[in-house]
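Examination of the molecular architecture
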Amino acid sequence: MSKIDIEKELTELKTKFAELMHMFEEFESNKVFISAQYSTLKQQVTNRAKELEKLNISGELNEDEKHFLLPCIKKVDLCCVARTGATDKGKLSSSIYDGEDYCSYWLTELQSS
């Protein structure tokens, strides 16, 4: 992947987290939807982290993927601590906020490299 492709993937992921975070303004009416979307997003991140790890082990990642994409996705995967199907506002908001924050951090690192 090129830097542009990595930036696009991380920006899309950050946007998904940001959209969910915005829905917390009316958490009670959006709780089921937020939970379902978070669960889907968490599974996508987990699957992507596993895929990138396999590619890394087999030596198929380029330098930018190794230094930016892989660590970002792994960190986001680790910070999504709310369980799939969770409806606890605190755990969901913490996981979603952290996911968005790590994407922002790695996007900044990528853009400044």
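Refer to the structure presented above.
Anyway, here's the lowdown on the structure attached to this text. Computed from a predicted model, the values in this text were never measured in an experiment.

Scanning the protein chain from terminus to terminus reveals four helices and zero strands. Each helix (α) and strand (β) of the protein chain, taken in turn from the N terminus, gives the series α-α-α-α. Its C-alpha atoms give the protein chain a radius of gyration of 14 Å, near enough to 13 Å, the size a compact globule of 113 residues would have. With respect to the three principal axes, the spread of C-alpha positions in the protein chain is 45 × 25 × 15 Å. The 113 residues of the protein chain split such that 36% are buried.

Let us look at the packing of helix α2 (residues 27-57) against helix α3 (residues 63-79). Where α2 contacts α3, the axes come no closer than 9 Å and their chain directions differ by 140 degrees. The angle between the axes of α2 and α3 places the two elements in the oblique class. The crossing of α2 and α3 is left-handed. On α3, the residues that touch V45, T46, R48, A49, L52, E53 and N56 of α2 are K66, L69, L70, I73, K74, V76 and D77. Among the residues making up the contact of α2 with α3, the classes are represented as seven nonpolar, two polar and five charged.

The contact between helix α1 (residues 3-22) and α2 brings their axes to 10 Å, and the two run at 155 degrees. Considering their axes alone, α1 and α2 lie roughly antiparallel with respect to each other. Read as a crossing pair, α1 and α2 show a hand that is left-handed. Every residue of α2 that contacts α1 at E9, L13, K16, F17 and L20 is listed here: I34, Q37, Y38, L41, Q44, V45 and R48.

Time to look at the nonpolar core. By size, the foremost hydrophobic cluster in this structure holds 30 residues, and its most contacted members are L10, L13, I73, V76 and L92. Counting only elements with at least two residues in this core, the list comes to α1, α2, α3 and α4 (89-111). Setting aside anything within four residues of it in sequence, one finds L13 in contact with L41, V45, I73, V76 and C103.

The subject of this paragraph is the packing of aromatic side chains. Here the structure, examined in full by the defined rule, presents two aromatic pairs. Ring geometry for F24 versus F27: centroids 5.2 Å apart, planes at 15 degrees, classification stacked. The pair F24 / F27 is uniform in exposure class, with both members buried. Between Y105 and W106 the ring centres are 5.2 Å apart and the planes differ by 85 degrees, which places this aromatic pair in the edge-to-face class. Its relative accessible area of 46% is what places Y105 among the partly exposed residues. Its relative accessible area of 16% is what places W106 among the buried residues.

Here is what the cut-offs are and how they apply
- Residues numbered from 1 in each chain as written.
- Predicted model: local features only at pLDDT ≥ 70, side-chain atom pairs only at ≥ 80, totals over all residues.
- Heavy atoms only, no water.
- Helix = DSSP H or I, 4+ residues; strand = E, 2+ residues; numbered from the N terminus.
- Rg over C-alpha atoms; globule rule 2.2 N^0.38 Å.
- Buried < 20%, exposed > 50% of the residue type's maximum accessible area, 1.4 Å probe, protein only.
- Axes fitted to C-alpha atoms, helices over the stretch in contact; angles between N-to-C directions.
- Parallel < 35°, antiparallel > 145°, perpendicular 65-115°, else oblique.
- Left-handed = near helix turned anticlockwise from the far one by under 90°.
- Contact = heavy atoms within 4.5 Å.
- Nonpolar A, V, L, I, M, F, W, Y, C, P; charged D, E, K, R; others polar.
- Core = buried A, V, L, I, M, F, W, Y, C linked by side-chain atoms within 4.5 Å.
- Phe/Tyr/Trp six-rings, centres within 6.5 Å; stacked < 30°, edge-to-face > 60°.

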